[in-house]
Protein chains: 2
Amino acid sequence: MSEDWKAARQKVEDLVEESKNMPDLAETDYLEEREELTEERILEMLEERQYKELKEELENNMYPIDLADILENFDQKHLVMVFRLLAKEEAAETFTYMNSDMRELLINALTDSELEEVMEEMYLDDTVDVLEEMPANVVDRLLMATDEETRVQINQLLQYPEDSAGSVMNVDYIALRKEMTVAESILKIRQVGINKETIYTCYVTEKRKLIGQVDVKELLTTSESKTVEEIMDTNMLYAHTTDDQEDVARTITKYGLIALPIVDHEMCMVGIVTVDDAMVVLQEETTEDISIMAGVNPNEETYFGTTVLEHVKSRIPWLLFLMLSATVTQMIMNSYEAALAVMPQLAGFIPMLTGTGGNCGSQSSTLVIRGLAVGEIEFKDLFKVIWKEVRIAVCISLILSVVNGLRILLMGQGDAMMAFTIGLTMACTVVIAKVVGCTLPLLAKKVGLDPAIMATPLISTLVDISTISVYFAIVSTAFAL
Amino acid sequence: MSEDWKAARQKVEDLVEESKNMPDLAETDYLEEREELTEERILEMLEERQYKELKEELENNMYPIDLADILENFDQKHLVMVFRLLAKEEAAETFTYMNSDMRELLINALTDSELEEVMEEMYLDDTVDVLEEMPANVVDRLLMATDEETRVQINQLLQYPEDSAGSVMNVDYIALRKEMTVAESILKIRQVGINKETIYTCYVTEKRKLIGQVDVKELLTTSESKTVEEIMDTNMLYAHTTDDQEDVARTITKYGLIALPIVDHEMCMVGIVTVDDAMVVLQEETTEDISIMAGVNPNEETYFGTTVLEHVKSRIPWLLFLMLSATVTQMIMNSYEAALAVMPQLAGFIPMLTGTGGNCGSQSSTLVIRGLAVGEIEFKDLFKVIWKEVRIAVCISLILSVVNGLRILLMGQGDAMMAFTIGLTMACTVVIAKVVGCTLPLLAKKVGLDPAIMATPLISTLVDISTISVYFAIVSTAFAL
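Since we're looking at a predicted model, the values are computed, not measured. (Residues numbered from 1 in each chain as written. Chains lettered and ligands numbered in written order. Predicted model: local features only at pLDDT ≥ 70, side-chain atom pairs only at ≥ 80, totals over all residues. Heavy atoms only, no water.)

Chemist: I'd like a description of the overall build of chain A, backed by residues and values.
Modeler: Along the backbone of chain A there are 24 helices and 6 strands. On C-alpha atoms alone, chain A measures out to a radius of gyration of 31 Å, which is more than a quarter above the 23 Å that the 2.2 N^0.38 rule sets for 481 residues. Reported as C-alpha extents along the three principal axes, the dimensions of chain A are approximately 90 × 65 × 65 Å. Each of the 481 residues in chain A was classed as buried or not, and the buried ones make up 54%. Across chain A, contacts joining residues at least 24 apart in sequence account for 67% of those joining residues at least 6 apart. Here chain A holds 38 positive side-chain charges and 82 negative ones, and the gap between their average locations is 6 Å. (Helix = DSSP H or I, 4+ residues; strand = E, 2+ residues; numbered from the N terminus. Rg over C-alpha atoms; globule rule 2.2 N^0.38 Å. Buried < 20%, exposed > 50% of the residue type's maximum accessible area, 1.4 Å probe, protein only. Contact = heavy atoms within 4.5 Å. Lys, Arg positive; Asp, Glu negative; His and termini not counted. Charge placed at Lys NZ, Arg CZ, Asp CG, Glu CD.)

Chemist: Give me the interface of chain A and chain B: which residues, what numbers.
Modeler: Across the contact, 157 residues belong to chain A and 157 residues belong to chain B. Around 14,100 Å² of area is buried between chain A and chain B when both sides are counted, 65% of it from carbon and sulfur atoms. At the surface where chain A touches chain B, the tally comes to 6 salt bridges. Salt-bridge contacts for Arg190(A) lead to Glu224(B); the nearest nitrogen and oxygen are separated by 2.8 Å. Summed over the shared surface of chain A and chain B, the number is 49 residue pairs in polar contact (both at pLDDT 80 or more). Looking at the side of chain A that touches chain B element by element, the count peaks at 18 residues for helix H19 (residues 308–334) of chain A. Residues that form the side of chain A that touches chain B fall into these classes: 80 nonpolar, 41 polar and 36 charged. (Buried area = accessible area lost by both parts, 1.4 Å probe. Salt bridge = Lys/Arg side-chain N within 4 Å of Asp/Glu carboxyl O. Polar contact = N/O pair within 3.5 Å; in protein donor to acceptor, adjacent residues only side chain to side chain. Nonpolar A, V, L, I, M, F, W, Y, C, P; charged D, E, K, R; others polar.)

Chemist: An account of the environment of Met417(B) is requested, with residue identities and associated values reported.
Modeler: All names here are of chain B. Mapped onto the fold, methionine 417 is located in helix H24 (residues 416–446). In this structure the C-alpha to C-alpha distance between methionine 417 and cysteine 395, which are 22 residues apart in sequence, comes to 22 Å. Apart from the residues lying within four places of it in its own chain, the contact partners of methionine 417 are Ala478 and Phe479.

Chemist: Tell me what's going on with the domain arrangement of chain A, and back it up with residues and numbers.
Modeler: All names here are of chain A. Domain boundaries in chain A define domain 1 (39–159), domain 2 (175–293) and domain 3 (308–478). In this structure, domain 2 and domain 3 have C-alpha centres spaced 47 Å apart. Across the contact, 5 residues belong to domain 2 and 11 residues belong to domain 3. Buried surface at the junction of domain 2 and domain 3, both sides included, amounts to about 650 Å², of which 57% is carbon and sulfur. Its largest share of buried area at the contact with domain 3, domain 2 owes to Arg250, Ile292 and Met293, together 79% of the area lost on that side. Along the contact surface separating domain 2 from domain 3 lie 0 salt bridges. At the junction of domain 2 and domain 3, the tally comes to 1 residue pair in polar contact (both at pLDDT 80 or more). At 4 residues, helix H18 (residues 275–293) tops the list of elements feeding residues into the side of domain 2 that touches domain 3. Counted by class, the side of domain 2 that touches domain 3 contains 2 nonpolar, 1 polar and 2 charged residues. (Domains from an automatic or database assignment.)

Chemist: Describe the UniProt feature "transmembrane region" (unreviewed entry) in chain A, listing the residues and the values that go with them.
Modeler: Residues and elements named next belong to chain A. Mapped onto this structure's residue numbering, the UniProt feature "transmembrane region" (unreviewed entry) falls at residues 390–410, 416–443 and 455–480. Annotated as residues 416–443, this span is 100% helix and 0% strand, and its ends, taken at the C-alpha atoms, are 40 Å apart. Across residues 455–480, helical content stands at 88% and strand content at 0%; the span's end C-alpha atoms are separated by 37 Å. (UniProt positions renumbered as here; feature names shortened; annotations may be inferred.)

Chemist: Can you explain the pattern of salt bridges? Please cite residues and give values.
Modeler: For the coordinates displayed, the defined rule picks out 20 salt bridges over all chains. In this structure, the salt-bridge partner of Lys254(A) is Asp66(B), at a minimum N-O distance of 2.8 Å. Pair noted here: Lys254(A) is in helix H17 (residues 245–255) and Asp66(B) is in helix H5 (residues 64–71), and the two residues belong to different chains.

Chemist: Help me get a handle on the sheet that holds strand E6 (residues 269–274) of chain B, residues and values and all.
Modeler: Residues and elements named next belong to chain B. Spatially, E4-E5-E6 is the arrangement adopted by the 3 strands of the open sheet, whose pairing is mixed. Two strands lie at the open edges of the sheet, namely strand E4 (239–240) and E6, each paired on one side alone. Relative to E6, strand E5 (residues 259–263) runs antiparallel, the two being bridged by 5 bridges. Considered in E6, the bridge of leucine 260 is made with valine 273. (Pairing = 2+ DSSP bridges.)

Chemist: Can you lay out helix H3 (residues 39–47) of chain B for me, pointing to particular residues and giving the numbers?
Modeler: Residue and element names in this part refer to chain B. Of all the residues in H3, the buried ones are Arg41, Ile42, Met45 and Leu46. The arc enclosing the buried residues of H3, seen along the axis, measures out at 140°, which places them on a common side. When the buried face of H3 is taken as reference, the exposed residues oriented beyond 90 degrees from it are Glu40 and Glu47. Lining the buried residues of H3 we find helix H4 (51–60), H5 and helix H6 (76–85). (Arc of directions from axis to C-beta.)

Chemist: So what's going on with the relation of the copies chain A and chain B? Which residues, and what values?
Modeler: Mapping chain A onto chain B is achieved by rotating through 180° and translating by 0.0 Å along the same axis, at an RMSD of 0.1 Å. In short, the pair behaves as if placed about a two-fold rotation axis. Considering only C-alpha atoms, the part of chain A nearest the rotation axis is Ala341(A), at 2.2 Å. By residue overlap, the copies meet face to face through one surface: 100% of the interface positions of chain A are interface positions in chain B. (Least-squares fit on C-alpha atoms with pLDDT ≥ 70 in both.)

Chemist: Report on the confidence of the model for chain A, specifying residues and quantitative values.
Modeler: The predicted model of chain A averages 85 in pLDDT, with 93% of residues at 70 or higher. Residue range residues 18–33 of chain A is modelled with pLDDT below 50. Its contacts to residues more than four positions away, or to other chains, number 22 contacts. (pLDDT = per-residue confidence, 0-100.)

Chemist: Describe in detail the packing of aromatic side chains, supporting the description with residues and values.
Modeler: What describes a pair of aromatic rings is the distance from one ring centre to the other and the angle between the planes of the rings. Tallied over the full model, the rule gives 13 aromatic pairs over all chains. The interplanar angle of 15° and the centroid separation of 4.0 Å between the aromatic rings of Tyr200(A) and Tyr200(B) together place this pair among those described as stacked. With Tyr200(A) in the loop between helix H14 (182–192) and strand E2 (201–206) and Tyr200(B) in the loop between helix H14 (182–192) and strand E2 (201–206), this residue pair bridges two chains. Tyr200(B) carries the same exposure label as Tyr200(A), and that label is buried. Centre to centre, the rings of Tyr336(A) and Phe472(A) are 4.6 Å apart; their planes meet at 15°, and the pair counts as stacked. A residue pair is termed long-range when its members are at least 10 positions apart, and Tyr336(A) in the loop between H19 and helix H20 (337–342) and Phe472(A) in helix H24 (residues 456–478) qualify at 136 residues. (Phe/Tyr/Trp six-rings, centres within 6.5 Å; stacked < 30°, edge-to-face > 60°.)

Chemist: Would you mind going over the nonpolar core in detail, with residue names and values included?
Modeler: Within the largest apolar cluster, 127 residues are counted, with the highest numbers of intra-cluster contacts made by Ile42(A), Leu58(A), Ile42(B) and Leu58(B). Discounting chain neighbours no more than four positions away, the residues touching Leu58(B) are Leu37(B), Ile42(B), Leu67(B), Val82(B), Leu85(B) and Leu86(B). Counting residues in hydrophobic clusters, the runner-up holds 81 residues, among them Ile422(A), Phe349(B), Ile408(B) and Tyr471(B). (Core = buried A, V, L, I, M, F, W, Y, C linked by side-chain atoms within 4.5 Å.)

Chemist: Explain the environment of Ile392(A) residue by residue, including any values.
Modeler: Following the sequence through the fold, Ile392(A) ends up in helix H22 (residues 382–410). Exposure remark for Ile392(A): the relative accessible area of 0% places this residue in the buried category. Ignoring sequence-local partners within four residues, the contact set of Ile392(A) consists of Val308(B), His311(B), Val312(B) and Arg315(B).

Chemist: How would you summarise helix H6 (residues 76–85) of chain A if you had to cite specific residues and measurements?
Modeler: Of the positions making up H6(A), those classed as buried are His78(A), Leu79(A), Val80(A), Val82(A), Phe83(A) and Leu85(A). Packing partners of the buried residues in H6(A) comprise helix H3 (39–47), helix H4 (51–60), helix H5 (64–71), helix H7 (88–97), helix H8 (100–109) and helix H9 (112–121) of chain A.

Chemist: How would you sum up the sheet that holds strand E6 (residues 269–274) of chain A? Please name residues and give values.
Modeler: Residue and element names in this part refer to chain A. Taken in spatial order, the 3 strands line up as E4-E5-E6 in an open sheet, and their pairing is mixed. The open sheet is flanked by strand E4 (239–240) and E6, the only strands paired with a single partner. Pairing between E4 and strand E5 (residues 259–263): 2 bridges, direction parallel. Counted as the bridge partner of alanine 239 is isoleucine 262 from E5.

Chemist: Can you tell me about the packing of helix H7 (residues 88–97) of chain B against helix H9 (residues 112–121) of chain B, naming the residues and giving the values?
Modeler: For any two helices packed against each other, the geometry comes down to the angle between their axes and how far apart the axes lie. Residue and element names in this part refer to chain B. In contact at an axis separation of 8 Å, H7 and H9 are set at 80° when each is read in the N-to-C sense. Between H7 and H9, the interaxial angle falls into the category roughly perpendicular. On the side of H7, the interface is formed by Lys88, Glu89, Ala92 and Phe95, while H9 contributes Glu117, Val118 and Glu121. Residue classes in the contact of H7 with H9 are distributed as 3 nonpolar, no polar and 4 charged. (Axes fitted to C-alpha atoms, helices over the stretch in contact; angles between N-to-C directions. Parallel < 35°, antiparallel > 145°, perpendicular 65-115°, else oblique.)

Chemist: So what's going on with the packing of H24(B) against helix H25 (residues 456–478) of chain B? Residues and values would help.
Modeler: All names here are of chain B. Between H24 and H25, whose axes approach to 9 Å, the crossing angle comes to 150°. With respect to H25, the element H24 is oriented roughly antiparallel. Considering only the axes of H24 and H25, their crossing is right-handed. Facing H24, whose interface residues are Met417, Thr421, Ile422, Leu424, Thr425, Cys428, Thr429, Ile432, Ala433, Val436, Gly437 and Leu440, H25 presents Ile459, Leu462, Val463, Ser466, Thr467, Val470, Tyr471, Ile474, Val475 and Ala478. Residues that form the contact of H24 with H25 fall into these classes: 16 nonpolar, 6 polar and no charged. (Left-handed = near helix turned anticlockwise from the far one by under 90°.)

Structure, rendered in structure tokens:
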């Protein structure tokens, strides 16, 4: 390290040391510690009719997403009372975070004009989400509360396939023309920006077709007399309405975007997907992947939001399928009944062998499934992956066989021959498990299935079958059974 | 549906139908289809000395993250040639996306002044990431290429613990004073904004302490004569430098933020974490969770970036531990050797029972681990979760026992007594597996361990032991063995 660097480091360390001895003024002085606005406190304030105070507290000391969470436990009367205390924007945002039961409760209690106000404040993509979950009579009331133009847009959004970019996009964005100057553009943002979810990326269109994009950062830091055409980026990323929402979200993550423009098949700009929606999509898709990997059919609800019977319904198919597949293992073992009668201690090794095989297989399948999900591994890497896994398997099987052989000898569970045959079975199991584990997800991807279904449970069952076949083939030869 | 709504829907459908018959002009007319700039094409252009054309192509037709990916396969000579063709900003961004081997190769080939330019263009958080991975001699050269002030800041960032908010934050943000007018604020953004990673949220500080925040959207859509104090949001979210980076990322996702301010223990503003960094953090943390759930110790590298030996090292500990734990299962089975010698067909049911138990357990543990990760489930929900899982387990065990009993009778694998005992074992196994599966992750969380280590492999092994104990206890009673 250079002397300069050392001196700088020392200086910083001194400062840090010094600051530790200073009194902690901040939290009391600058951000007064507010009493947390809990469920109990809100109910208490309602009881005591402190409406004005509650209104203020809700405005200054509460986020819509947290409020929606709290309101979940309220009855209709209290729910509506709190809701009427909220400012329009907060009311609409809180509404979008509620679950469908609460939304229905609330819609039934609000007057038509109140409903209209909420619908006006909501972003169109959220409105569509709400409509998709409501029963027909509620949908009717909600649609009556929106104007004609909005209804046409809603209808259009409802037509995009589920999980497509079109179904999650927002149709409110700022469009500029290439002849506009920077000053004119900023003026336009001033005029229309208040109703847009994001103003930070503006899109340049010509006859509705997307031809470029400009960041507000760019607009704010360039000369006001330049034209949009001079500063716009024409090498921008975009997606089509029918693209998978997960791909769109991955693009937004990969390139660190605030929003991605969505175009139709004629390159006409129809909407944007914003980074906050992308994060929600990714979180949902990851939960879905993880559920499938554990043999649970995913649903859109949360753990507690799913009833016991729905949980049973989403877990039983794989359990039944895998239980019945185990019949194959059983048939193989039964055909070696005679051998087991002679050497019953052979059965004792089976859980260890199948367990190790299952664990090896799920290690490989999980890493490959994740690699596919984040875009690191593709089908064309199949042989590269297999070659890597085979080498890993050889190393692992050597270590496990030797450790296990020593264990057998030390614990007196068998002679050298037993240690050797179990070791050989172990080695074969590890190699088969790793190859099967890394191959299946790639093949699933290739034929258009979700790679996640190839995870742990299915791999374990396949590996069980091959392990037991190999095991009995080896021991019956070795011990001439 | 109302008539209006039907009419609107019909109109849209007509339009959609119509548009299908229109020729697809867009892609040819507006965005000319460019030849993709592949690895081969870049090498070809270098060979043919088309430097000017390549420079243009790189500028208009390539993203830094994709270029870094392509350059991975280049040798030092070609790497440096391409790098020198890039504009300063693109060069710096491409550099941040490179892996450490490539960075070292490049640093060794660049002149001091070239290096200085790259360092100047890089955001400080990226610089720190680079420094942390480089060998000492390279670090020295890099630090020589930065100015004194930057070096002090780098040193400060290097002192934050790994995975803390401080270690991922960016120290470049826009600070405003509360007395400033909107017009003055916009002017300040104009002057200093060009060097900031995000300008879209500005922070209001007083004696360095964070007292509020203002969105640029707010600044652009309010009267220019208002003061910052009038429009600033004082109920803003923030995190401390020592907070876990995953918590920071979850807050950014939950509240849909573009950036979260980071303060020290005195509420002094020290930096921001932006949404794009949050997305990277979440992706890494999810990959880590998924790896741990499959019994693989996570590392920071990608699948292909990890050598065979490193893969072995990260997979062998759990495999060894679980293999040796299976000794317990084996000892239980060996104590029933006499029973197995009499009824060897008993062994055949073992893989099915342990397999089903393992699958049931991993379903529950996985859902609970994910619930913990996204913040839906907390330790205080322990009994709520157990009660839910017990009810689910009762339903599932009924279905599985009946189906399996019928299978045994139909396939002639045993009599009614056998069907009953296997069914009873199955029912106990499912209940135990579900309860163990949902409890362990919550307990792990409580004692400060990563819940993910309680996933599939460990649960399977525990369930194996309890299944086999229950199985032999039941059959030895039923058949008086």
